[in-house]
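Residue-level structural notes
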Amino acid sequence: MAGAVGGRIVVRVNGSPIRCKGNFTYNLGRPMREAVVGTDEVHGFKETPQVAFIEGATTDAADLDLEALVTADDLTVTLDLANGKTIALFEAWFAGEGSVTTEEGEVALRFEAVRGEQVQ
């Protein structure tokens, strides 16, 4: 059965939707595994921690409080995907630079957290 796998998304910060622009990326923050290779064979793997994150862009509209956004922490950030999944960050913080482009009023977003989950 075919269905939507990409396209329309919704990002919410503490339950309030924000404008989404372009492509978003996320990572649940699970350990990254890398092979440990000896001179004789593969010995196994090591795990390195990763930060959970959601990143993309929004538009710097008149109602966007950029100051509040870039200093925000202890947030719940959710990303609703076209495929029906919802990704959530808990106790998240804004981790971007807070830079804005003037041609399209674009603000790069990056929220990071110790913990991320697929909640739906």
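A quick note: this is a predicted structure, and the numbers were derived from the prediction, not measured.

Scanning the entire structure with this criterion turns up 1 aromatic pair. Note on F94 and F111: the rings are 5.7 Å apart at their centroids and 85 degrees apart in plane angle, and the pair reads as edge-to-face. One end of the pair, F94, is in strand β8 (residues 86–94); the other, F111, is in strand β10 (residues 106–113), and 17 residues separate them in sequence. For the pair F94 and F111, a shared accessibility class is recorded, and that class is buried. Its guanidinium or amino end placed over the ring of F53, R110 lies 4.0 Å from that ring's centre, counting from NZ or CZ.

Looking now at the pattern of salt bridges. Enumeration according to the criterion identifies 8 salt bridges in this entry. Between D63 and R19 there is a salt bridge, and its shortest N-O distance comes to 3.0 Å. Residue D63 is found in the loop between β6 (52–59) and α1 (66–70), and its partner R19 is found in the loop between β2 (16–18) and β3 (21–27); the two are separated by 44 residues along the sequence. Among the charged side chains, a salt-bridge network with shared partners connects K21, E104 and E106.

A few words on the nonpolar core. Generally speaking, nonpolar side chains in soluble globular proteins are found buried as a group. Ranked by size, the top nonpolar core spans 20 residues in total, and within it I54, L75, V77, L79, L89, L109 and F111 carry the most contacts. Beyond its immediate stretch of four places on either side in the chain, F111 contacts V13, A52, F53, I54, L69, L75, V77, L89, W93, F94 and A95.

For the rest of this paragraph, the subject is the environment of E55. By secondary structure assignment, the location of E55 is in strand β6. As a C-alpha pair, E55 and A82 span 27 residues in sequence and 16 Å in three-dimensional space. Not counting residues within four places of it along the chain, the set of residues in contact with E55 comprises N23, F24, T25, L109 and R110. Within the local environment of E55, its side chain forms a polar contact with the side chain of R110, the two groups lying 3.2 Å apart.

Criteria and thresholds
- Residues numbered from 1 in each chain as written.
- Predicted model: local features only at pLDDT ≥ 70, side-chain atom pairs only at ≥ 80, totals over all residues.
- Heavy atoms only, no water.
- Phe/Tyr/Trp six-rings, centres within 6.5 Å; stacked < 30°, edge-to-face > 60°.
- Helix = DSSP H or I, 4+ residues; strand = E, 2+ residues; numbered from the N terminus.
- Buried < 20%, exposed > 50% of the residue type's maximum accessible area, 1.4 Å probe, protein only.
- Lys NZ or Arg CZ within 6 Å of the ring centre and 35° of its normal.
- Salt bridge = Lys/Arg side-chain N within 4 Å of Asp/Glu carboxyl O.
- Core = buried A, V, L, I, M, F, W, Y, C linked by side-chain atoms within 4.5 Å.
- Contact = heavy atoms within 4.5 Å.
- Polar contact = N/O pair within 3.5 Å; in protein donor to acceptor, adjacent residues only side chain to side chain.

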